[in-house]
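Residue strings, one per chain:
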Amino acid sequence: MTKNNRLIERLAPWIAMVALVIIWEVTVRAFDVPSFIFPSALETAQALVTYSGPIAMHSWQTFWTTLIGFGLGVAVGLVLGFIIGSSRFLYNACYPLLVGFNAIPKVAFVPILVVWFGIGSVPAILTAFLICFFPIVVNVATGLATLEPEMEDVLRVLGARRMDVLLKVGLPRSLPYFFASLKVAITLAFVGTVVSETVASNQGIGYLMMSAGSQMRMGLVFAGLLVISAMAMVMYELFAQLEKRMTGWAHRGQNR
(Lines give C-alpha, C1' and ligand atoms only; values in the text may rest on other atoms or scores of the structure.)
Protein backbone atom coordinates (compact mmCIF):
# COMPACT_ATOMS: atom_id res chain seq x y z
CA MET A 1 0.00 0.00 0.00
CA THR A 2 1.44 3.38 -1.04
CA LYS A 3 1.78 6.36 1.26
CA ASN A 4 -0.91 8.25 -0.64
CA ASN A 5 -3.38 5.43 -0.17
CA ARG A 6 -2.61 5.29 3.54
CA LEU A 7 -3.07 9.04 3.84
CA ILE A 8 -6.42 8.85 2.05
CA GLU A 9 -7.54 6.03 4.37
CA ARG A 10 -6.63 8.11 7.43
CA LEU A 11 -8.42 11.16 6.09
CA ALA A 12 -11.49 9.21 4.91
CA PRO A 13 -13.51 9.69 8.14
CA TRP A 14 -12.83 13.44 8.14
CA ILE A 15 -13.72 13.73 4.45
CA ALA A 16 -16.98 11.88 5.05
CA MET A 17 -17.75 14.08 8.07
CA VAL A 18 -17.15 17.31 6.14
CA ALA A 19 -19.29 16.04 3.27
CA LEU A 20 -22.10 15.15 5.66
CA VAL A 21 -22.02 18.60 7.30
CA ILE A 22 -22.12 20.30 3.88
CA ILE A 23 -25.07 18.16 2.76
CA TRP A 24 -26.81 18.90 6.05
CA GLU A 25 -26.37 22.66 5.73
CA VAL A 26 -27.28 22.81 2.02
CA THR A 27 -30.38 20.64 2.48
CA VAL A 28 -31.76 22.75 5.34
CA ARG A 29 -31.17 25.99 3.46
CA ALA A 30 -32.46 24.67 0.12
CA PHE A 31 -35.78 23.51 1.60
CA ASP A 32 -35.95 26.43 4.06
CA VAL A 33 -36.59 24.12 7.01
CA PRO A 34 -37.54 26.02 10.19
CA SER A 35 -34.91 25.81 12.92
CA PHE A 36 -37.44 24.60 15.50
CA ILE A 37 -37.96 21.50 13.33
CA PHE A 38 -34.49 20.78 11.97
CA PRO A 39 -31.67 23.26 12.70
CA SER A 40 -28.85 23.77 10.25
CA ALA A 41 -25.28 22.71 10.93
CA LEU A 42 -24.34 26.37 11.51
CA GLU A 43 -27.13 26.85 14.06
CA THR A 44 -26.08 23.68 15.83
CA ALA A 45 -22.47 24.91 15.96
CA GLN A 46 -23.68 28.23 17.36
CA ALA A 47 -25.61 26.37 20.07
CA LEU A 48 -22.45 24.43 20.93
CA VAL A 49 -20.60 27.70 21.49
CA THR A 50 -23.43 29.57 23.20
CA TYR A 51 -24.24 26.79 25.65
CA SER A 52 -20.71 25.42 25.99
CA GLY A 53 -20.80 25.70 29.79
CA PRO A 54 -24.00 23.69 30.42
CA ILE A 55 -23.08 21.23 27.67
CA ALA A 56 -19.66 20.58 29.22
CA MET A 57 -21.17 20.07 32.67
CA HIS A 58 -23.86 17.67 31.51
CA SER A 59 -21.43 15.89 29.16
CA TRP A 60 -19.09 15.14 32.04
CA GLN A 61 -22.00 13.71 34.03
CA THR A 62 -22.98 11.46 31.12
CA PHE A 63 -19.36 10.44 30.47
CA TRP A 64 -18.45 9.25 33.96
CA THR A 65 -21.86 7.63 34.45
CA THR A 66 -21.34 5.70 31.21
CA LEU A 67 -17.83 4.64 32.16
CA ILE A 68 -18.98 3.27 35.52
CA GLY A 69 -21.80 1.30 33.89
CA PHE A 70 -19.42 0.12 31.17
CA GLY A 71 -16.83 -0.95 33.75
CA LEU A 72 -19.46 -3.02 35.55
CA GLY A 73 -20.49 -4.52 32.23
CA VAL A 74 -16.91 -5.50 31.41
CA ALA A 75 -16.33 -7.11 34.82
CA VAL A 76 -19.60 -9.04 34.86
CA GLY A 77 -19.35 -9.88 31.17
CA LEU A 78 -15.87 -11.34 31.53
CA VAL A 79 -16.81 -13.49 34.50
CA LEU A 80 -20.07 -14.73 33.00
CA GLY A 81 -18.47 -15.24 29.60
CA PHE A 82 -15.67 -17.32 31.10
CA ILE A 83 -18.09 -19.42 33.17
CA ILE A 84 -20.50 -20.02 30.30
CA GLY A 85 -17.80 -20.60 27.70
CA SER A 86 -15.92 -23.08 29.86
CA SER A 87 -18.77 -25.58 29.86
CA ARG A 88 -20.79 -26.83 26.90
CA PHE A 89 -23.71 -27.57 29.24
CA LEU A 90 -23.72 -24.04 30.67
CA TYR A 91 -23.34 -22.56 27.19
CA ASN A 92 -26.40 -24.42 25.90
CA ALA A 93 -28.37 -23.71 29.08
CA CYS A 94 -27.62 -20.02 29.53
CA TYR A 95 -27.34 -18.71 25.99
CA PRO A 96 -31.13 -18.74 25.29
CA LEU A 97 -31.73 -16.98 28.61
CA LEU A 98 -29.21 -14.26 27.73
CA VAL A 99 -30.79 -13.78 24.31
CA GLY A 100 -34.23 -13.50 25.90
CA PHE A 101 -32.97 -10.97 28.43
CA ASN A 102 -31.24 -8.92 25.75
CA ALA A 103 -34.45 -8.79 23.71
CA ILE A 104 -36.19 -6.82 26.47
CA PRO A 105 -36.03 -3.06 25.73
CA LYS A 106 -33.79 -1.61 28.41
CA VAL A 107 -35.95 1.50 28.68
CA ALA A 108 -38.53 -0.81 30.27
CA PHE A 109 -36.16 -1.30 33.22
CA VAL A 110 -35.82 2.44 33.91
CA PRO A 111 -39.13 2.86 35.83
CA ILE A 112 -38.25 -0.19 37.93
CA LEU A 113 -34.80 1.20 38.69
CA VAL A 114 -36.32 4.55 39.62
CA VAL A 115 -38.62 2.84 42.12
CA TRP A 116 -35.68 0.94 43.60
CA PHE A 117 -32.99 3.65 43.59
CA GLY A 118 -34.77 6.96 42.96
CA ILE A 119 -34.04 9.57 40.32
CA GLY A 120 -30.35 10.24 39.74
CA SER A 121 -27.15 8.63 38.51
CA VAL A 122 -27.76 5.08 39.77
CA PRO A 123 -30.53 4.21 37.27
CA ALA A 124 -28.37 5.60 34.45
CA ILE A 125 -25.36 3.54 35.55
CA LEU A 126 -27.41 0.37 35.82
CA THR A 127 -29.12 0.96 32.47
CA ALA A 128 -25.72 1.39 30.81
CA PHE A 129 -24.58 -1.83 32.49
CA LEU A 130 -27.67 -3.80 31.47
CA ILE A 131 -27.40 -2.78 27.83
CA CYS A 132 -23.65 -3.28 27.38
CA PHE A 133 -22.74 -6.50 29.19
CA PHE A 134 -24.52 -8.84 26.74
CA PRO A 135 -22.10 -8.51 23.78
CA ILE A 136 -19.15 -9.02 26.12
CA VAL A 137 -20.63 -12.20 27.60
CA VAL A 138 -21.50 -13.60 24.19
CA ASN A 139 -18.15 -12.84 22.57
CA VAL A 140 -16.02 -14.15 25.44
CA ALA A 141 -18.17 -17.29 25.75
CA THR A 142 -18.04 -17.86 21.99
CA GLY A 143 -14.28 -17.45 21.92
CA LEU A 144 -13.86 -20.09 24.62
CA ALA A 145 -16.56 -22.44 23.33
CA THR A 146 -15.16 -22.55 19.80
CA LEU A 147 -11.68 -23.66 20.84
CA GLU A 148 -10.57 -26.32 18.36
CA PRO A 149 -11.10 -29.83 19.78
CA GLU A 150 -7.90 -31.03 18.13
CA MET A 151 -5.85 -28.40 19.94
CA GLU A 152 -7.49 -29.25 23.24
CA ASP A 153 -6.83 -32.97 22.68
CA VAL A 154 -3.14 -32.32 22.00
CA LEU A 155 -2.81 -30.21 25.14
CA ARG A 156 -4.60 -32.86 27.20
CA VAL A 157 -2.19 -35.49 25.91
CA LEU A 158 0.68 -33.25 26.99
CA GLY A 159 -0.74 -33.20 30.51
CA ALA A 160 -2.67 -29.93 30.51
CA ARG A 161 -5.80 -29.74 32.63
CA ARG A 162 -9.06 -28.22 31.43
CA MET A 163 -8.40 -25.02 33.38
CA ASP A 164 -4.88 -24.79 31.93
CA VAL A 165 -6.30 -25.04 28.43
CA LEU A 166 -8.85 -22.31 29.11
CA LEU A 167 -6.43 -19.90 30.79
CA LYS A 168 -3.37 -20.39 28.60
CA VAL A 169 -5.01 -20.99 25.22
CA GLY A 170 -8.72 -20.18 25.43
CA LEU A 171 -8.45 -16.70 26.93
CA PRO A 172 -5.68 -15.46 24.58
CA ARG A 173 -7.63 -16.86 21.65
CA SER A 174 -10.73 -14.98 22.88
CA LEU A 175 -8.98 -11.59 22.96
CA PRO A 176 -10.08 -10.58 19.41
CA TYR A 177 -13.66 -11.47 20.32
CA PHE A 178 -13.35 -9.56 23.59
CA PHE A 179 -11.99 -6.35 22.08
CA ALA A 180 -14.57 -6.49 19.30
CA SER A 181 -17.27 -6.66 21.97
CA LEU A 182 -15.76 -3.70 23.85
CA LYS A 183 -16.14 -1.47 20.79
CA VAL A 184 -19.80 -2.42 20.51
CA ALA A 185 -20.46 -2.30 24.26
CA ILE A 186 -19.09 1.22 24.82
CA THR A 187 -21.44 2.69 22.20
CA LEU A 188 -24.37 0.79 23.70
CA ALA A 189 -23.41 2.06 27.17
CA PHE A 190 -23.83 5.65 25.97
CA VAL A 191 -27.24 4.73 24.57
CA GLY A 192 -28.30 3.25 27.92
CA THR A 193 -27.09 6.25 29.90
CA VAL A 194 -28.80 8.83 27.71
CA VAL A 195 -32.06 6.86 27.59
CA SER A 196 -32.13 6.74 31.38
CA GLU A 197 -31.21 10.42 31.69
CA THR A 198 -34.14 11.43 29.52
CA VAL A 199 -36.52 9.62 31.87
CA ALA A 200 -35.05 9.53 35.36
CA SER A 201 -32.40 12.17 35.92
CA ASN A 202 -31.93 15.89 36.43
CA GLN A 203 -28.39 15.85 35.03
CA GLY A 204 -26.63 14.63 31.91
CA ILE A 205 -26.88 15.15 28.17
CA GLY A 206 -30.14 13.20 28.00
CA TYR A 207 -31.75 15.51 30.55
CA LEU A 208 -30.35 18.58 28.76
CA MET A 209 -31.78 17.41 25.43
CA MET A 210 -35.21 16.72 26.91
CA SER A 211 -35.25 20.12 28.60
CA ALA A 212 -34.15 21.88 25.41
CA GLY A 213 -36.68 19.95 23.31
CA SER A 214 -39.55 20.98 25.57
CA GLN A 215 -38.52 24.61 24.95
CA MET A 216 -38.19 24.07 21.17
CA ARG A 217 -34.45 24.87 21.26
CA MET A 218 -33.62 22.29 18.64
CA GLY A 219 -30.15 23.67 18.01
CA LEU A 220 -29.23 22.69 21.56
CA VAL A 221 -30.85 19.29 21.12
CA PHE A 222 -28.76 18.57 18.04
CA ALA A 223 -25.68 19.92 19.80
CA GLY A 224 -26.30 17.32 22.51
CA LEU A 225 -26.58 14.62 19.87
CA LEU A 226 -23.24 15.67 18.38
CA VAL A 227 -21.56 15.61 21.80
CA ILE A 228 -22.85 12.10 22.50
CA SER A 229 -21.62 10.94 19.09
CA ALA A 230 -18.21 12.53 19.65
CA MET A 231 -17.74 10.89 23.05
CA ALA A 232 -18.77 7.50 21.67
CA MET A 233 -16.44 7.81 18.68
CA VAL A 234 -13.48 8.79 20.86
CA MET A 235 -14.02 5.79 23.15
CA TYR A 236 -14.54 3.49 20.16
CA GLU A 237 -11.27 4.64 18.61
CA LEU A 238 -9.49 4.19 21.94
CA PHE A 239 -10.53 0.55 22.12
CA ALA A 240 -9.78 0.08 18.42
CA GLN A 241 -6.19 1.24 18.98
CA LEU A 242 -5.92 -0.94 22.07
CA GLU A 243 -7.21 -3.86 20.04
CA LYS A 244 -4.52 -3.33 17.40
CA ARG A 245 -1.80 -3.35 20.05
CA MET A 246 -3.10 -6.34 21.99
CA THR A 247 -4.31 -8.52 19.11
CA GLY A 248 -2.15 -7.44 16.19
CA TRP A 249 -1.35 -11.09 15.55
CA ALA A 250 -5.01 -11.71 14.67
CA HIS A 251 -5.19 -8.85 12.16
CA ARG A 252 -1.79 -8.90 10.51
CA GLY A 253 -3.24 -10.16 7.24
CA GLN A 254 -5.43 -7.06 6.96
CA ASN A 255 -2.50 -4.65 6.96
CA ARG A 256 -1.34 -5.52 3.46
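Residues numbered from 1 in each chain as written. Predicted model: local features only at pLDDT ≥ 70, side-chain atom pairs only at ≥ 80, totals over all residues. Heavy atoms only, no water.

Per an unreviewed UniProt entry, the chain goes by the name ABC transporter permease and belongs to Vreelandella neptunia. Its UniProt record gives the chain a comment under Subcellular location (unreviewed entry), which states: "Cell membrane". (UniProt positions renumbered as here; feature names shortened; annotations may be inferred.)

A. Region of interest: the overall build of the chain. A tally of helices and strands in the chain yields eleven helices and zero strands. Along the chain, helices (α) and strands (β) appear in the sequence α-α-α-α-α-α-α-α-α-α-α when read from the amino end. Looking at the chain as a whole, 38% of its 256 residues are labelled buried. Contacts in the chain between residues at least 24 apart in sequence constitute 76% of all its contacts with a sequence separation of at least 6. When the accessible surface of the chain is totalled, it reaches about 14600 Å², and 71% of it is carbon and sulfur. (Helix = DSSP H or I, 4+ residues; strand = E, 2+ residues; numbered from the N terminus. Buried < 20%, exposed > 50% of the residue type's maximum accessible area, 1.4 Å probe, protein only. Contact = heavy atoms within 4.5 Å. Areas by Shrake-Rupley, 256 points an atom, 1.4 Å probe, with all protein chains shown as cover.)

B. Representation of helix H4 (residues 88-103) within the structure. A rise of 1.5 Å per residue sets the reference length of H4, with its 16 residues, at 22 Å; its end C-alpha atoms lie 23 Å apart and thus fit the reference within 8%. Remark: the principal bend of H4, roughly 30 degrees, maps to Cys 94, with a proline, Pro 96, within the next four residues. (Expected span 1.5 Å × (residues − 1). Bend = angle between axes of the 7 residues up to and from the residue.)

C. Layout of the packing of aromatic side chains. Under the criterion given, the structure shown has eleven aromatic pairs. Summarising the aromatic geometry, the rings of Phe 101 and Phe 133 are spaced 5.8 Å apart at their centres and angled 55 degrees between planes, so their arrangement reads as tilted. Pair noted here: Phe 101 is in helix H4 and Phe 133 is in helix H6 (residues 121-145), with a separation of 32 residues, a long-range link. The exposure class assigned to Phe 101 is partly exposed, which follows from its relative accessible area of 24%. Ring geometry for Phe 129 against Phe 133: centres 5.4 Å apart, planes inclined by 20 degrees, an arrangement best described as stacked. With Phe 129 and Phe 133 both in helix H6 and four residues apart, the pair spans about one turn of that helix. As far as burial versus exposure is concerned, Phe 129 and Phe 133 are alike and both buried. Over the ring of Tyr 91 we find Arg 88, and its NZ or CZ is 5.8 Å from the ring centre. (Phe/Tyr/Trp six-rings, centres within 6.5 Å; stacked < 30°, edge-to-face > 60°. Lys NZ or Arg CZ within 6 Å of the ring centre and 35° of its normal.)

D. The arrangement of unusual backbone geometry in detail. Positive phi, normally seen in glycine, also occurs at Asp 32, with a value near 50 degrees. Relative to the assigned elements, Asp 32 resides in the loop between helix H1 (3-30) and helix H2 (41-50). Judged by its relative accessible area of 65%, Asp 32 falls in the exposed class. Residues other than glycine seldom take positive phi values, yet Met 216 does so here, at roughly 60 degrees. Along the chain, Met 216 falls in the loop between helix H9 (205-214) and helix H10 (218-246). Owing to a relative accessible area of 47%, Met 216 belongs among the partly exposed residues under this scheme.

E. Quick peek at the UniProt feature "transmembrane region" (unreviewed entry) in the chain. In this structure's numbering, the residues bearing the UniProt feature "transmembrane region" (unreviewed entry) are residues 12-31, 63-85, 97-119, 125-147, 177-196 and 216-236. Segment residues 63-85 splits into 100% helix and 0% strand. End C-alpha atoms: 31 Å apart. Annotated as residues 97-119, this span is 65% helix and 0% strand, and its ends, taken at the C-alpha atoms, are 29 Å apart.

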